[in-house]
Amino acid sequence: MANIKMLNMAGEEAGSIELSDAIFGIEPNEYAVHAVIKNYLANRRQGTQSAKTRGDVRGGGRKPFRQKGTGRHRQGSSTDPSQIGGGVVFAPKPRSYRYTLPKKVRRLAMLSVLSSKLAENELIVVDKLAFEEPKTKEMIKVLENLKAEKKALVVMADKDENVVRSAANLKGVRTAVVGSFNVYEVLNHQSLILTSDAVKKLEEVYK
């Protein structure tokens, strides 16, 4: 098991914590991570793009100009894709891009990014994270103390409304509880901040 130091909200060392090698110490699987991110982005697509084929374009019942004598190519319909205002060849239509991946692949991808964050020293564990009332300034101060001023994903064991509201207006900072964040978000944030309770809950979920 990896043993790393645990910090408090002031950025001072508050003991140490053991992290399970089965969750934070595996060899990252790039294929699984790529597959899950590709799946996540595909599932987010609205799929509302649409254009008209020649069958959808209004008109086209009458030959647009006579067969000979105009110096133009023979054309039988104004809806032809070669004409201005005509239809689109193989026009996109509304569709769903959603598909699913095996549970084992999704699990492997999550363990891979968690292990990667630890290996790259981008994982921060705090003993607790709590505010008496929602204060954006207090959250900014905590992030500065933890040296996580840039994009940070803060993960708690259970939802704390004061913490959520304190971080709501901070650009690049997102709060989540165990089970509500995904692989894309972990990679999209420079720092991953876990409370000690969140670490325990993660180990229960992925044991």
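Residues numbered from 1 in each chain as written. Predicted model: local features only at pLDDT ≥ 70, side-chain atom pairs only at ≥ 80, totals over all residues. Heavy atoms only, no water.

## Describing helix H7 (residues 196-205)
For step 1, the next point in the chain: Among all positions of H7, only Ser196, Ala198, Val199 and Leu202 are buried. Down the axis of H7, the buried side of the element spans an arc of 155°, and every buried residue falls inside it. Of the exposed residues in H7, those oriented more than 90 degrees away from the buried face are Lys200 and Glu204.
For step 2, the next point in the chain: Along its buried surface, H7 packs onto strand E1 (2-7), strand E2 (13-19), helix H1 (21-24), strand E3 (123-126), strand E4 (152-156) and strand E6 (191-195). (Buried < 20%, exposed > 50% of the residue type's maximum accessible area, 1.4 Å probe, protein only. Helix = DSSP H or I, 4+ residues; strand = E, 2+ residues; numbered from the N terminus. Arc of directions from axis to C-beta. Contact = heavy atoms within 4.5 Å.)

## Some points on the pairing of E1
For step 1, the next point in the chain: Two elements, E1 and E2, share five bridges in a ladder whose sense is antiparallel. Bridge pairing in E2 links Ala2 to Leu19.
For step 2, the next point in the chain: Turn length for the E1-E2 hairpin, with the two strands adjacent in sequence and antiparallel, is five residues, and the turn residue Gly11 shows positive phi of about 85°. (Pairing = 2+ DSSP bridges.)

## Focus: the environment of Ala157
For step 1, the next point in the chain: As for its placement among the helices and strands, Ala157 is situated in the loop between E4 and helix H5 (161-167).
For step 2, the next point in the chain: C-alpha of Ala157 to C-alpha of Val177: the two residues are 20 residues apart in sequence and 5.5 Å apart in space.
For step 3, the next point in the chain: Discounting chain neighbours no more than four positions away, the residues touching Ala157 are Val177, Val178, Thr195, Asp197, Ala198 and Lys201.

## Section: the side chain of Ser112
For step 1, the next point in the chain: In this structure, Ser112 sits in helix H3 (residues 103-119).
For step 2, the next point in the chain: There is a polar contact of 2.7 Å between the side chain of Ser112 and the backbone oxygen of Leu108.
For step 3, the next point in the chain: In this structure Ser112 touches Ile26, Glu27, Pro28, Asn29 and Val33, once residues within four positions along its chain are discounted. (Polar contact = N/O pair within 3.5 Å; in protein donor to acceptor, adjacent residues only side chain to side chain.)

## Description of the nonpolar core
For step 1, the next point in the chain: In terms of nonpolar packing, the biggest core is built from 33 residues, with Leu19, Phe24, Val155, Phe181, Val183, Leu192 and Leu194 touching the most fellow members.
For step 2, the next point in the chain: Broken down by element, this core gets its largest block of residues, six residues, from H3.
For step 3, the next point in the chain: With sequence-adjacent residues up to four places away left out, Phe24 is seen in contact with Leu19, Leu114, Ser115, Leu118, Leu123, Leu194, Val199, Leu202 and Glu203.
For step 4, the next point in the chain: In this structure, Leu146, Val163, Val173 and Ile193 belong to the second largest nonpolar core, which totals 18 residues. (Core = buried A, V, L, I, M, F, W, Y, C linked by side-chain atoms within 4.5 Å.)

## A word on the packing of aromatic side chains
For step 1, the next point in the chain: Under the definition given, this model contains one aromatic pair.
For step 2, the next point in the chain: Between Arg45 and the ring centre of Tyr97, over which it is positioned, the NZ or CZ distance is 3.6 Å.
For step 3, the next point in the chain: Above the face of the Tyr97 ring, Arg95 is positioned so that its terminal group lies 3.9 Å from the ring centre. (Phe/Tyr/Trp six-rings, centres within 6.5 Å; stacked < 30°, edge-to-face > 60°. Lys NZ or Arg CZ within 6 Å of the ring centre and 35° of its normal.)

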